[in-house]
Amino acid sequence: MALLGAGSLLLLLLLLLFGQSLGAPRSFSVDYKNNCFRKDGKEFRYISGSILYSRIPRVYWKDRLLKMYMAGLNAIQTYVPWNYHEEFPGRYSFSGDRDVEYFLKLAQDIGLLVILRPGPYICAEWDMGGLPAWLLNKKDIVLRSSDPDYIAAVDKWMGKLLPMMKPYLYQNGGPVITVQVENEYGSYFACDYDYMRHLTKLFRSHLGDEVVLFTTDGATLNFLKCGSIQGLYATVDFGPGTNITAAFEAQRHAEPHGPLVNSEFYTGWLDHWGSPHSVVSSAAVAKSLNHILALGANVNLYVFIGGTNFGYWNGANSPYAAQPTSYDYDAPLTEAGDLTEKYFAIREVIKMYHDIPMGPIPPTTPKYAYGAVPMKKLQTVLDALEKLSFSGPVKSMYPQTFIDLNQAFGYVLYRTTLPVNCSSPTPLSSPMNGVHDRAYVLVDGTAVGIFERDEVLTVNVTGKAGSQLDILVENMGRINYGRNINDFKGLVSNLTLGRDILTSWTMYSLSIDEAVSQGLLGENPPTLIDPPRTAAVTAPAFYGGSFIIPDGIPDLPQDTYVKLPNWRKGQIWINGFNLGRYWPTRGPQVTLFVPTSILSTAAPNNVTVLELEGAPCNSQVCTVEFTDTPILNATVLSGYKQYRRLYAKEDLL
Ligand SMILES: *[C@@H]1O[C@H](CO)[C@@H](O)[C@H](O)[C@H]1NC(C)=O
Ligand SMILES: *[C@@H]1O[C@H](CO)[C@@H](O)[C@H](O)[C@H]1NC(C)=O
Ligand SMILES: *[C@@H]1O[C@H](CO)[C@@H](O)[C@H](O)[C@H]1NC(C)=O
Ligand SMILES: *[C@@H]1O[C@H](CO)[C@@H](O)[C@H](O)[C@H]1NC(C)=O
Ligand SMILES: *[C@@H]1O[C@H](CO)[C@@H](O)[C@H](O)[C@H]1NC(C)=O
Ligand SMILES: *[C@@H]1O[C@H](CO)[C@@H](O)[C@H](O)[C@H]1NC(C)=O
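Residues numbered from 1 in each chain as written. Chains lettered and ligands numbered in written order. Predicted model: local features only at pLDDT ≥ 70, side-chain atom pairs only at ≥ 80, totals over all residues. Heavy atoms only, no water.

J.: So, the state of the cysteines: which residues are in play, and what are the values?
T.: Scanning all chains against the criterion turns up two disulfides. A sulfur-sulfur distance of 2.0 Å marks the disulfide that ties Cys191 to Cys226. Sign of the S-S torsion, about -85° for the bond between Cys191 and Cys226, identifies this disulfide as left-handed. Placement of the pair is Cys191 in the loop between β7 (176–180) and α6 (193–207) and Cys226 in helix α7 (residues 221–227), with a sequence separation of 35 residues. Two residues, Cys617 and Cys622, share a disulfide whose sulfurs are 1.9 Å apart. Across the disulfide from Cys617 to Cys622, rotation about the S-S bond amounts to roughly 90°, and the bridge is consequently right-handed. When its relative accessible area of 5% is taken as the criterion, Cys617 is described as buried. Of the residues examined, Cys622 reaches a relative accessible area of 3% and is grouped as buried. Numbered by position along the chain, the disulfide-linked cysteines of the chain connect as 1-2, 3-4. (Disulfide = S-S within 2.5 Å. Helix = DSSP H or I, 4+ residues; strand = E, 2+ residues; numbered from the N terminus. Buried < 20%, exposed > 50% of the residue type's maximum accessible area, 1.4 Å probe, protein only.)

See the structure below:
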């Protein structure tokens with residue numbers, strides 16, 4: 001038939017080929033009939049990897065995303081940690097390392113789609129699962145439920161975040177194909193369907209009717225029972241070694257039709273201080289991934305890169321076990337973004353199913369061993385108290401918590417006096433296990449012992465009536481999973497001395513980070529020598545040192561790792577940037593990742609250490625050491641309670 005001329009035939013062809021660029025709308029949806037996702041009308045399957053921007057310095061976002069793209073992933077999955085963006089009620093922060101919009105743009109520029117997980121709760125081994133600690137201002141708040149105060153805060157936060165995310169939805173021209181509501185809600189005791197229905201409405205009202213909203217839960221019916229709800233596409237999560245058929249059968253129970261999705265396929269596993277480093281073999285990961293892809297399922301690898309819990313951002317599990325600073329996770333890209341054997345094993349599997357991008361993979365960034373840096377004692381915490389306590393002391397009969405004192409993270413000093421003569425060792429106790437989480441006890445300035453939540457609830461003290469009793473309490477990270485996420489910090493119940501409750505407390509909120517970055521602790525101290533260290537502890541103190549990046553070596557500064565040989569436990573800053581906690585005596589983490597972005601070639605780099613238990617600085621020079629090799633798997637001390645090795649969410653319950 002000659003109804004169409006050559007010209008119109010060409011036009012028709014063009015329209016068919018380039019319909020999208022000629023204005024056909026971008027779309028992303030669930031195809032229930034064909035059990036798949038549909039992108040711009042075509043069947044689509046994602047192979048995604050998790051990356052959390054808050055654990056990676058901004059300068060490295062592009063490098064990490066590019067490596068993910070080159071592995072053959074077509075999407076990334078990221079959480080939005082609420083407490084990272086709203087540290088104080090109504091004070092939002094979205095710039096620098098917190099510029100989530102820039103992160104989304106980078107992903108899109110590189111060619112990656114985005115699966116967004118804005119919470120409000122995210123778990124993620126992140127302080128309080130991403131919920132801001134200030135929610136605990138209402139003492140009996142029921143988090144992750146219809147509690148009106150919780151809902152009011154969520155509505156306000158989502159009212160800020162979701163409109164900001166809306167332009168990044170796929171149908172609006174952005175990279176975001178799906179948005180998760182809550183996170184593994186079926187693992188939480190509350191099982192509040194009204195809460196989930198409220199979130200659904202809230203997300204819809206801000207993001208529109210078109211976007212695919214989904215939930216993620218452990219791959220068994222008991223998790224899906226409270227986690228999945230009508231209107232949100234139910235997906236599951238499970239790691240290598242799981243019976244994949246059974247896991248997807250569980251998803252099918254909640255979602256009889258539609259794409260199979262594993263939203264968290266574990267590439268490794270988390271660590272806890274005092275437990276052996278988690279390792280999952282590349283072979284196990286590759287084998288299960290292959291099986292999942294062979295079923296035509298969608299998958300997100302959790303995590304593709306873990307990164308670092310800088311500062312105080314790590315979470316903890318219950319019974320109390322804090323996660324270390326490194327969130328390496330034995331992932332395909334290391335904490336520092338290095339390519340691993342697991343990376344290439346995964347790439348080989350993906351290659352069997354999809355074309356993967358040609359061209360060079362960004363190389364592992366070089367690391368440099370700057371060597372040993374001599375450290376000098378600056379001041380003890382007690383000597384520096386005035387400088388550290390920006391807001392001045394607060395007095396009360398009974399101890400107040402961090403939140404009462406308006407402090408979220410770090411350290412608070414609790415001070416009182418011994419009311420009676422303690423001529424023989426007298427038990428100072430926390431009968432209610434209320435020291436959260438670790439505390440350093442001093443009598444008249446001399447360290448006498450350490451409390452540890454769940455572990456050490458009594459410290460013996462001696463001293464005359466009227467002696468000054470100081471208790472420096474460290475918040476080691478809030479519980480991020482399970483029913484105990486209302487994790488108050490500080491002295492959360494009374495202390496007793498002998499049989500009596502201690503009273504008349506003076507409490508100092510410590511602004512240590514501000515004091516360090518403002519150089520208030522002094523840079524050029526007289527050489528203070530610690531008293532010879534015995535087996536016992538010494539008073540918490542600051543130490544300082546500096547190093548210069550050598551001249552004449554090309555490509556410096558480079559990333560490095562710092563270790564603290566013979567130091568015990570504390571916190572370390574470089575040029576005022578809080579690298580995180582160190583605890584080599586507990587392990588398994590020994591080195592801390594130091595990104596080049598915090599180093600300077602223009603001035604000496606200043607290292608500040610807060611050592612809580614005893615520095616190795618008696619008579620000899622003590623050093624911290626910059627090395628080019630990470631150590632995250634030191635043997636943990638025998639004799640310390642070993643936590644079970646956990647490779648499934650079920651085990652955390
Ligand atoms: C895996 O689960 C399926 C479905 O429940 C079951 O039929 C099969 O026997 C299981 N396989 C193994 C190795 O346990
Ligand atoms: C403590 O002991 C001293 C003598 O060492 C005595 O003078 C004082 O009264 C005692 N104080 C209390 C509160 O018992
Ligand atoms: C405290 O002192 C008492 C009496 O001397 C002793 O029996 C007990 O073991 C000590 N407790 C601790 C925790 O050191
Ligand atoms: C401390 O003890 C007092 C007196 O018994 C009591 O009123 C108060 O509630 C207790 N505080 C805490 C945090 O347990
Ligand atoms: C380190 O401290 C010294 C002394 O205060 C200062 O001059 C220098 O600029 C600091 N270095 C950096 C990189 O901030
Ligand atoms: C730690 O890991 C390194 C590198 O994989 C390995 O060579 C070493 O044997 C491990 N050490 C321990 C104590 O497991």
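J.: Help me get a handle on the pattern of salt bridges, residues and values and all.
T.: Think of it this way: side chains of opposite charge can pair up when their charged atoms draw near. As enumerated under the stated definition, the model contains 25 salt bridges in all. In this structure, the salt-bridge partner of Glu264 is Arg117, at a minimum N-O distance of 2.9 Å. On the criterion of sequence distance, the pair formed by Glu264 in strand β10 (residues 261–266) and Arg117 in strand β6 (residues 113–117) is long-range, its members being 147 residues apart. An identical accessibility class is assigned to Glu264 and Arg117; each is buried. Look at the salt bridges and you will find they share partners, linking Asp437, Arg453, Asp487 and Lys489 into a network. (Salt bridge = Lys/Arg side-chain N within 4 Å of Asp/Glu carboxyl O.)

J.: With reference to specific residues and values, describe unusual backbone geometry.
T.: Trans peptide bonds make up most of the peptide bonds, and negative phi angles are found at most residues other than glycine. Here the bond from His436 into Asp437 is cis, since omega is 15°, no more than 30 degrees from zero. As for its position among the elements, Asp437 is in the loop between β18 (435–436) and β19 (438–443). In this structure, Cys191 is a non-glycine residue whose phi angle is positive, near 50°.

J.: Give a detailed account of helix α9 (residues 282–294), specifying residues and quantitative values.
T.: The terminal C-alpha atoms of α9, which comprises 13 residues, lie 18 Å apart, in line with the 18 Å expected from a rise of 1.5 Å per residue. Tucked inside the fold, the buried residues of α9 contact β4 (47–50), α8 (244–254), β10, β11 (298–302) and α10 (341–351). Just beyond α9, the residue with positive phi is Gly296, at close to 80°. (Expected span 1.5 Å × (residues − 1). Contact = heavy atoms within 4.5 Å.)

J.: So what about the sheet that holds strand β25 (residues 500–501)? Which residues, and what values?
T.: Pairing within the open sheet is antiparallel, and its four strands lie in the order β21-β17-β24-β25. Looking along the sheet, the strands with just one partner apiece sit at the ends: β21 (458–463) and β25. Note that strand β24 (residues 496–497) and β25 share two bridges and pair antiparallel. Bridging from a neighbouring strand, Leu497 pairs with Asp500 of β25. (Pairing = 2+ DSSP bridges.)

J.: Go over a nonpolar patch on the surface with me, naming the residues and quoting the values.
T.: Taken together, the side chains of Met397, Tyr398 and Ile501 present a nonpolar region at the surface, about 310 Å² in accessible area. By the secondary structure assignment, Tyr398 is in the loop between β15 (394–396) and β16 (411–417). You can call Tyr398 partly exposed: its relative accessible area is 44%. (Patch = residues over 30% accessible without salt bridge, like charges linked within 9 Å, V, L, I, M, F, W, Y side chains within 5 Å. Areas by Shrake-Rupley, 256 points an atom, 1.4 Å probe, with all protein chains shown as cover.)

J.: I'd like a description of the site of ligand 4, backed by residues and values.
T.: Taken together, Tyr398, Val492, Ser493, Asn494 and Ile501 make up the full set of residues adjacent to ligand 4. Asn494 places a polar side-chain atom, nitrogen or oxygen, 2.2 Å from an oxygen atom of ligand 4. Burial of ligand 4 by the protein amounts to 46% of the accessible area it has alone, namely 360 Å². In terms of residue class, the shell around ligand 4 is built from three nonpolar, two polar and no charged. (Near = heavy atom within 4 Å. Polar contact = N/O pair within 3.5 Å; in protein donor to acceptor, adjacent residues only side chain to side chain. Nonpolar A, V, L, I, M, F, W, Y, C, P; charged D, E, K, R; others polar.)

J.: Account for the environment of Ser54, with residues named and values stated.
T.: Locating Ser54 in the fold gives a position in the loop between β4 and α2 (61–70). Here Ser54 falls in the buried class, since its relative accessible area comes to 6%. Sequence separation of Ser54 and Thr308 is 254 residues, and the distance between their C-alpha atoms is 8.5 Å. Residues within four places of Ser54 in sequence aside, it is in contact with Pro81, Tyr84, Trp126 and Thr308.

J.: Explain the sheet that holds strand β1 (residues 28–31) to me, using residue names and the numbers behind them.
T.: One open sheet holds the three strands; their spatial order is β1-β2-β3, and the pairing between them is antiparallel. Looking at strand neighbours, the two that pair on one side only are β1 and β3 (42–44), the edges of this open sheet. Each strand of the sheet is rotated relative to its neighbour by a mean of 40°, with strand direction disregarded. Relative to β3, strand β2 (residues 36–39) runs antiparallel, the two sharing three bridges. (Axes fitted to C-alpha atoms, helices over the stretch in contact; angles between N-to-C directions.)

J.: Please give an account of the pairing of strand β5 (residues 75–79) that cites residues and values.
T.: The buried fraction of β5 is high, at five of five residues. Residues Ala75, Gln77 and Tyr79 line one face of β5 and the alternating positions Ile76 and Thr78 line the opposite face, and both faces are buried. Regarding topology, α2 serves as the crossover connection from β4 to the parallel β5, and that connection is right-handed. Relative to β6, β5 runs parallel, the two sharing five bridges. Within the sheet, the bridge partner assigned to Ala75 lies in β6 and is Leu113. (Right-handed = clockwise from strand over helix to strand, strands pointing away.)

Keep in mind these values describe shape, not function.
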